[in-house]
Amino acid sequence: MNYQRQRFKFTLSLAALIFASPELGAQTPARVNGDRVMEHLNAMAAIGKDPGGGYGRVAYTEADRQGREYVMGLMRAAGLTVSIDTAGNISGRRAGSDAALPALIMGSHVDSVPQGGNYDGVVGSLGAVEVAQTLAEGHVALRHPLEVLIFQNEEGGLQGSRAISGELREEDLDQATRSGKTLREGIAFIGGDPNRLSAVRRKPADIFAYLEFHIEQGGTLAAEKIDIGVVEGIVGNHRWDVTIEGVANHAGTTP
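Here the structure is a predicted model, which is why all the values come from computation and not from measurement.

## Some remarks on the packing of helix 3 (residues 34–45) against helix 5 (residues 122–137)
Two quantities define a packed helix pair, namely the angle between the axes and the distance from one axis to the other.
And step 1. At a minimum axis separation of 10 Å, helix 3 and helix 5 run at an interaxial angle of 140°. Classed by the angle they form, the pair helix 3 and helix 5 counts as oblique. Classified by chirality, the crossing of helix 5 by helix 3 is right-handed. Residues Arg36, Val37, His40, Leu41 and Met44 of helix 3 touch helix 5, and the partners they reach there are Val122, Val123, Leu126, Glu130, Gln133, Thr134 and Glu137.
And step 2. Tallied by class, the residues present in the contact of helix 3 with helix 5 amount to 6 nonpolar, 3 polar and 3 charged.

The following block contains the structure:
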């Protein structure tokens, strides 16, 4: 736990502050409140806590809804203007000094796999909120608008981010999810409007950069006592549904 706490005491806010105008008060780098981040992480971990270990905020369940409500409360406390888009993604925006500039987006997700870990996705979500909170407390104005974006159902197929990129299609909405709801029902359950998905799509020109803080899941940084690293590559997965037609037979005697 001490190692995790130290990670948040480093300049998490640096990613946002490098886009601030020096004349607007960003000459001295701000530092986030690591104890506050840990308090928020522990509070989130209590939502959907699984007696068998980890937590279970599976998308479109009551625990998922509670986790979303909790993070929206933190967003409002950080001075962000909070909204839910038609796909169910949560957005918290902070105006920049130049409204013509595209948004700097930070965030992640708060849904989980069954018996998920306490930090997967949540570090990026609550870390981004902490950046906004730190900027507000320091009265630091950014040139770009800052948006904290929480993708919905990231663990069940990247559904929120697929909607933003225009890849979530009408025919996908009848797929069943782990919650027992279809995608259509789940999006409505969390406050979205599955009949207006096209309104979610964003153009590349709308986004200046996307930054995500994430817990390391491989253990390399921890083993080498390195506090933070930058991702240079990530695994790519391809999945197929395969149907094999034929009859069972013995391998050695089949012509």
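That shown, we press on.
## Notes on the layout of surface pockets
And step 1. By volume, the second largest pocket amounts to about 160 Å³.
And step 2. Contributing to the lining of the second largest pocket are 13 residues, with Asn153, Gly156, Ala176, Thr177 and Arg178 lying nearest its centre.
And step 3. Here the residues of the lining of the second largest pocket are counted per class, giving 4 nonpolar, 6 polar and 3 charged.

## Quick word on the sheet that holds strand 4 (residues 146–151)
And step 1. Within the open sheet, the 5 strands sit side by side as 1-2-4-3-5. Their pairing is mixed. Across the chains shown, the open sheet's two edge strands, defined by having one partner strand only, are strand 1 (81–84) and strand 5 (207–211). The average undirected angle you get between the axes of adjacent strands in this sheet is 25°.
And step 2. Here strand 3 (residues 103–109) runs beside strand 4; their pairing, made up of 6 bridges, is parallel. Bridge pairing links Gly107 to Leu149 in strand 4.
And step 3. Helix 5 contacts strand 2 (90–94), strand 3 and strand 4 of the sheet and is inclined by roughly 140° relative to strand 3.

Procedures and definitions
- Residues numbered from 1 in each chain as written.
- Predicted model: local features only at pLDDT ≥ 70, side-chain atom pairs only at ≥ 80, totals over all residues.
- Heavy atoms only, no water.
- Axes fitted to C-alpha atoms, helices over the stretch in contact; angles between N-to-C directions.
- Helix = DSSP H or I, 4+ residues; strand = E, 2+ residues; numbered from the N terminus.
- Parallel < 35°, antiparallel > 145°, perpendicular 65-115°, else oblique.
- Left-handed = near helix turned anticlockwise from the far one by under 90°.
- Contact = heavy atoms within 4.5 Å.
- Nonpolar A, V, L, I, M, F, W, Y, C, P; charged D, E, K, R; others polar.
- 1 Å grid on protein atoms, 1.4 Å probe; cavity = no way out; pocket = protein on both sides within 12 Å on 5 of 7 lines; lining within 4 Å.
- Points joined across faces, edges and corners; volume = space filled by probe spheres on them.
- Pairing = 2+ DSSP bridges.

Keep in mind these values describe shape, not function.
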